[in-house]
Amino acid sequence: MKKQWIALLGLLLFPALLAAQTTAKSKPFTLILAGKLLDVRTGKLLINQKILIAGDRIEAVGQIETKRALNAEVIDLSDKVVLPGLIDAHTHLTMDPQDMGYSSLGLSIPRQALTGAKNARLTLMAGFTTVRNVAAAGYSDIALRDSINAGEIPGPRIDASGPALSITGGHCDNNLLAPQFHAQEDGVADGVEAVQKKVRENIKFGADVIKVCATGGVLSKGDDPNASAFTMAELEAIVNDAHRLGRKVAAHAHGAEGIKFAVEAGVDSIEHGSFINEEDIQLMKQHGTYLVPTLYLGDWFLENAEAIHVPPFMIEKAKVVMPAARANLAKAFKEGVKVAFGTDAAVYPHGLNGREFAVMVQVGLSPLAALQAATINAADLLGWSQNIGAIEPGKWADIIAVNQNPLDDVHTLENVPFVMKSGVVYKNEK
Ligand SMILES: [Zn+2]
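Residues numbered from 1 in each chain as written. Predicted model: local features only at pLDDT ≥ 70, side-chain atom pairs only at ≥ 80, totals over all residues. Heavy atoms only, no water.

### Focus: the overall build of the chain
So, step 1. When helices and strands are tallied, the chain shows 12 helices and 14 strands.
So, step 2. For 430 residues, the compact-globule estimate of 2.2 N^0.38 gives 22 Å, and the C-alpha radius of gyration of the chain, at 21 Å, lies within 12% of that figure.
So, step 3. Each principal axis of the C-alpha atoms in the chain carries an extent, and together these give about 65 × 60 × 45 Å.
So, step 4. Here the chain holds 430 residues, and the buried ones make up 57% of them.
So, step 5. When the accessible area of the chain is evaluated, it comes to approximately 17600 Å², of which 55% is carbon and sulfur surface.
So, step 6. Distance between charge centroids for the chain: 7 Å, based on 40 positive and 47 negative side chains. (Helix = DSSP H or I, 4+ residues; strand = E, 2+ residues; numbered from the N terminus. Rg over C-alpha atoms; globule rule 2.2 N^0.38 Å. Buried < 20%, exposed > 50% of the residue type's maximum accessible area, 1.4 Å probe, protein only. Areas by Shrake-Rupley, 256 points an atom, 1.4 Å probe, with all protein chains shown as cover. Lys, Arg positive; Asp, Glu negative; His and termini not counted. Charge placed at Lys NZ, Arg CZ, Asp CG, Glu CD.)

Put into structure tokens, the structure is as follows:
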């Protein structure tokens with residue numbers, strides 16, 4: 001028994017050991033030789049650039065000939081295209097696709113946190129150095145964030161929400177069980193006072209951002225994606241409290257009315273936006289609200305849902321909502337709503353996040369706009385522009401490299417051979 005435990009511990013710790021090894025630096029400075037450096041602000045491909053890194057930050061970019069550069073540890077990416085680490089503004093790291101239905105009821109919070117550790121590593125290795133995790137049970141995402149920040153396990157930076165706010169019976173409640181089981185999710189609150197208390201409670205327990213389910217959803221029982229959930233008064237109370245306490249608000253919203261309520265209440269982003277209409281589009285442009293489309297999930301889910309035993313009532317909703325979303329979001333893209341990249345990874349396997357780019361382009365964004373959604377725009381949505389989103393002096397050294405210019409073929413972002421976060425190399429493959 002003891003031996004088994006030690007072996008198991010070894011397996012669990014292996015990624016951490018790997019990370020610890022890559023952390024150990026013999027020299028205080030790192031110099032990346034970037035054969036091609038993609039400027040995500042302009043789309044310009046700059047040739048033969050150098051990036052000087054001091055500790056976890058970028059110190060200089062361009063043609064550097066200082067003494068520090070001479071003494072630095074050199075990373076040769078002369079045959080690669082170098083760009084900033086990607087940002088996914090909508091993940092659920094503590095969940096997996098096979099946990100969408102009744103099987104989720106057997107999972108403890110500690111088990112979900114361990115699932116999160118596995119998925120955090122997969123996400124980082126896919127080139128995503130930052131994620132915004134919008135909804136997790138029992139503050140498991142906050143524990144995951146703290147463990148990554150403490151250097152215990154490899155993973156992206158996490159902007160974490162904790163439990164999502166939901167009306168009773170809403171998308172972010174748990175409606176799977178019969179009444180006698182009294183099942184309710186952590187984030188359920190009804191009425192102005194109750195939602196204020198829930199926002200404050202989430203912040204008390206470490207939430208960086210507030211997630212609210214403003215309409216029904218797809219992967220839940222008995223709720224209608226088209227129906228708005230919270231009242232205007234409740235939504236305003238949520239946003240006012242969150243903003244006063246320095247937190248942004250992300251609103252899950254499919255139906256047109258729920259999108260309108262959320263935007264008028266002042267949320268910072270609309271997640272999914274499947275049935276967005278012309279009025280919503282104009283309102284979002286007026287308010288500067290970000291849209292976080294989650295498009296690729298439709299392809300994966302409709303193909304695999306039956307095989308992983310997702311309940312039929314969820315699949316029926318998906319068949320209506322997911323295809324409709326593409327047509328409606330195409331209009332929002334065309335009319336110039338601000339877009340931040342998000343995947344809803346958990347609905348499909350973590351690590352495939354990069355597949356979202358090709359669908360965004362298919363639905364109408366230019367490759368540069370799709371890439372900006374995952375860098376400078378997502379950084380702006382998180383309120384972290386000072387530190388992430390571009391390769392610039394003073395920012396954290398979150399840097400990836402790919403084999404081709406993504407502006408020629410965004411599919412190259414699905415296979416990221418080089419990943420650095422905070423100046424630490426986590427992946428460097430040929
Ligand atoms: Zn989601």
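From this point, the narrative continues.
### Considerations on the packing of helix H7 (residues 256-265) against helix H8 (residues 278-287)
So, step 1. Relative to each other, H7 and H8 sit at 15 degrees, their axes nearing to 9 Å. Compared by their axis directions, H7 and H8 come out roughly parallel. As H7 packs across H8, the resulting crossing turns out to be left-handed. Of the residues in H8, those in contact with Ala256, Ile259, Lys260, Val263 and Glu264 of H7 are Glu279, Asp280, Leu283, Met284 and His287. (Axes fitted to C-alpha atoms, helices over the stretch in contact; angles between N-to-C directions. Parallel < 35°, antiparallel > 145°, perpendicular 65-115°, else oblique. Left-handed = near helix turned anticlockwise from the far one by under 90°. Contact = heavy atoms within 4.5 Å.)

### Re the coordination of the zinc ion
Geometrically, a metal with four donors at the corners of a regular tetrahedron has ideal angles of 109.5 degrees, and one with six donors at the corners of a regular octahedron has ideal angles of 90 or 180 degrees.
So, step 1. Surrounding the zinc ion are the protein donor atoms His90 (NE2), His92 (NE2) and Asp344 (OD), which sit 2.1 to 2.2 Å from the metal.
So, step 2. In terms of primary sequence, the donors binding the zinc ion are separated according to H-x1-H-x251-D. You can see histidine 92 sitting in the loop between strand E5 (86-91) and helix H3 (109-125) and its partner aspartate 344 sitting in the loop between helix H10 (312-334) and helix H11 (356-362), a full 252 residues away along the chain. (Donors = N, O, S within 2.8 Å, 3.2 Å for Na, K, Ca; no water.)

### Remarks on H8
So, step 1. Inspection of H8 places Asp280, Ile281, Leu283 and Met284 among the buried residues, and these make up the whole buried set. An end-on view of H8 places all buried positions within 165 degrees of arc, on one side of the element.
So, step 2. Near the N-terminus of H8, the side chain that reaches the backbone nitrogen of glutamate 279, with its oxygen 3.2 Å away, is that of asparagine 277. (Arc of directions from axis to C-beta. Polar contact = N/O pair within 3.5 Å; in protein donor to acceptor, adjacent residues only side chain to side chain.)

### Some points on the domain arrangement of the chain
So, step 1. Assigned domains within the chain: domain 1 (2-84 + 390-428) and domain 2 (86-382).
So, step 2. Averaged C-alpha coordinates put domain 1 and domain 2 at centres separated by 29 Å.
So, step 3. With 28 residues of domain 1 at the contact, the number on the domain 2 side is 25 residues.
So, step 4. Interface area for domain 1 against domain 2, summed over the two sides, is near 2200 Å², with a carbon-plus-sulfur share of 70%.
So, step 5. The three residues of domain 1 that bury the most area against domain 2 are Val40, Val410 and Lys421, which together make up 24% of that side's buried surface.
So, step 6. Summed over the shared surface of domain 1 and domain 2, the number is 1 salt bridge.
So, step 7. A salt bridge links aspartate 398 to arginine 157, with the nearest nitrogen and oxygen atoms 2.7 Å apart.
So, step 8. Mapped onto the side of domain 1 that touches domain 2, the elements with two or more residues apiece are helix H1 (2-23), strand E4 (73-84), strand E13 (418-421) and strand E14 (424-428).
So, step 9. In terms of residue count, the dominant contributor to the side of domain 1 that touches domain 2 is H1 (4 residues).
So, step 10. Split into classes, the residues belonging to the side of domain 1 that touches domain 2 amount to 19 nonpolar, 4 polar and 5 charged. (Domains from an automatic or database assignment. Buried area = accessible area lost by both parts, 1.4 Å probe. Salt bridge = Lys/Arg side-chain N within 4 Å of Asp/Glu carboxyl O. Nonpolar A, V, L, I, M, F, W, Y, C, P; charged D, E, K, R; others polar.)

### Digging into the side chain of aspartate 223
So, step 1. Here aspartate 223 lies in the loop between strand E8 (209-213) and helix H6 (232-244).
So, step 2. In terms of polar contacts, aspartate 223 uses its side chain to reach the side chain of serine 220, at 2.8 Å.
So, step 3. Not counting chain neighbours up to four residues away, the residues in contact with aspartate 223 comprise Gly169, Gly170, His171, Gly216, Gly217 and Lys317.

### Describing the packing of aromatic side chains
So, step 1. Applying the stated criterion across every chain, the model contains 4 aromatic pairs.
So, step 2. Ring centres of tyrosine 296 and tyrosine 348 lie 4.8 Å apart, and the angle between their planes is 85 degrees; this geometry places the pair in the edge-to-face category. Here tyrosine 296, found in the loop between strand E11 (290-292) and helix H9 (297-304), pairs with tyrosine 348, found in the loop between H10 and H11; they are 52 residues apart in sequence, far enough to count as distant.
So, step 3. Looking at tyrosine 348, the relative accessible area reads 0%, which means it is buried.
So, step 4. By way of ring pairs, the aromatic residues Phe128, Phe341 and Phe357 are connected into one cluster.
So, step 5. The side chain of arginine 157 reaches across the aromatic face of tryptophan 396, ending 3.8 Å from its centre. (Phe/Tyr/Trp six-rings, centres within 6.5 Å; stacked < 30°, edge-to-face > 60°. Lys NZ or Arg CZ within 6 Å of the ring centre and 35° of its normal.)

### A few points about the sheet that holds strand E12 (residues 399-402)
So, step 1. In space, the 7 strands of this open sheet follow the order E3-E2-E1-E4-E12-E13-E14, with mixed pairing throughout. Pairing within the sheet leaves two strands with one partner each, and these edge strands are strand E3 (57-62) and E14. Each neighbouring strand pair of the sheet contributes to a mean axis angle of 30 degrees, computed without reference to strand direction.
So, step 2. The pairing of strand E1 (residues 29-38) with E4 spans 7 bridges and is parallel. What sits directly across from leucine 37, in E4, is valine 82. (Pairing = 2+ DSSP bridges.)

### Overview of the packing of helix H5 (residues 192-204) against H6
So, step 1. Between H5 and H6, the shortest axis-to-axis distance is 9 Å and the interhelical angle comes to 30 degrees. Taken together, the axis directions place H5 and H6 in an arrangement best described as roughly parallel. Where H5 crosses over H6, the two elements pack in a sense that is right-handed. For the pair H5 and H6, contact is made by Val192, Val195, Gln196, Val199 and Arg200 and by Ala233, Glu234, Ala237, Ile238, Asp241, Ala242 and Arg244, respectively.
So, step 2. Each residue belonging to the contact of H5 with H6 can be placed in one class, and the counts come to 7 nonpolar, 1 polar and 4 charged.

### Thoughts on the nonpolar core
So, step 1. Ranked by size, the top nonpolar core spans 85 residues in total, and within it Leu86, Ile270, Phe301 and Phe357 carry the most contacts.
So, step 2. Broken down by element, the residue count for this core peaks at 9 residues, all from H10.
So, step 3. Of the domains in this structure, domain 1 (2-84 + 390-428) and domain 2 (86-382) are the two that each give at least three residues to this core.
So, step 4. With near-sequence residues (within four places) excluded, phenylalanine 301 lies in contact with Leu219, Val310, Ile315, Ala318, Met322 and Val347.
So, step 5. Counting residues in hydrophobic clusters, the runner-up holds 16 residues, among them Ile32, Ile53, Ile58 and Ile75. (Core = buried A, V, L, I, M, F, W, Y, C linked by side-chain atoms within 4.5 Å.)

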